[in-house]
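Fold and contact review
Next come the chains, spelled out residue by residue.
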Amino acid sequence: MSHSRATEDEVDRLVAAWRQERPDLDVSPLEVLSRVSRLSRHLDRARRAAFAEHDLESWEFDVLTALRRSGKPYELSPGALLRATLVTSGTMTNRIDRLAASGLVTRHPDPEDRRGVLVRLTALGRERVDAAFAGLLRRERELLAGLGEREQRTLAALLHTLLAPFDASDGGAH
């Protein structure tokens, strides 16, 4: 542990307790992964708050950002949305229906496939997702405020190294 007693956190206390109770085990993974887990909970709260400010649920944000990232004309097939959001086709159909009823997306025939449809982001959908994304980035910057730019780049590189094998084994699905 390289931090002072004044900056001791809950994970330091958890690790110390396990070292006391189970000195036979190397509990050092907890020093990293328990912090990642705790940070994940804070990030989840920040995401939900950013989306709520713009009357969006997390699932709505996921679908709308997939469309927004696709570039003009901000449209994808339901199949492409499935791959981008990792949900079942029934769930995606329900989500598209709800987003369309809210005026955030429209469906129209796919000119390349007579049987297919494309889902397109509406102007309202684009406005809402752009505002929510800006709010999310503001909140994420707040979460990272304790780190300088160089530390953030170092942390990003370390996390990339840690996650790369998982992304490779599942085709980048997560």
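Relevant structure appears above.
Residues numbered from 1 in each chain as written. Predicted model: local features only at pLDDT ≥ 70, side-chain atom pairs only at ≥ 80, totals over all residues. Heavy atoms only, no water.

At a minimum axis separation of 8 Å, helix α2 (residues 29-52) and helix α6 (residues 123-143) run at an interaxial angle of 150 degrees. Classified by the angle between their axes, α2 and α6 sit roughly antiparallel to one another. Considering how the two elements wind past one another, α2 and α6 form a crossing that is right-handed. Contact residues: His42, Leu43, Ala46, Arg47, Ala49, Ala50 and Phe51 in α2; Ala132, Gly135, Leu136, Arg139, Glu140 and Leu143 in α6. Residues belonging to the contact of α2 with α6 are distributed by class as follows: 8 nonpolar, 2 polar and 3 charged. (Axes fitted to C-alpha atoms, helices over the stretch in contact; angles between N-to-C directions. Helix = DSSP H or I, 4+ residues; strand = E, 2+ residues; numbered from the N terminus. Parallel < 35°, antiparallel > 145°, perpendicular 65-115°, else oblique. Left-handed = near helix turned anticlockwise from the far one by under 90°. Contact = heavy atoms within 4.5 Å. Nonpolar A, V, L, I, M, F, W, Y, C, P; charged D, E, K, R; others polar.)

Turning our eyes to something else, we now look at the sheet that holds strand β3 (residues 113-121). Sheet architecture is open: 3 strands sit in the order β1-β3-β2, paired in antiparallel fashion. For this open sheet the edge positions go to β1 (75-76) and β2 (105-110), each flanked by a neighbour on one side alone. Sheet topology note: the β2/β3 ladder contains 6 bridges and is antiparallel. Counterpart to Thr106 in the pairing with β3 is Arg120. The strands touched by helix α3 (residues 58-69) are β1, β2 and β3; relative to β3, the strand with the most contacts, the crossing angle is about 100 degrees. (Pairing = 2+ DSSP bridges.)

Turning to the packing of α3 against helix α5 (residues 89-101), a few remarks are in order. One can describe the packing of α3 onto α5 by two numbers: an axis separation of 11 Å at closest approach and a directional angle of 90 degrees. The angle between α3 and α5 falls in the class roughly perpendicular. The residues of α5 that touch α3, namely those facing Trp59, Glu60, Val63 and Leu64, are Met92, Arg95, Arg98 and Leu99. Of the residues in the contact of α3 with α5, the class split is 5 nonpolar, no polar and 3 charged.

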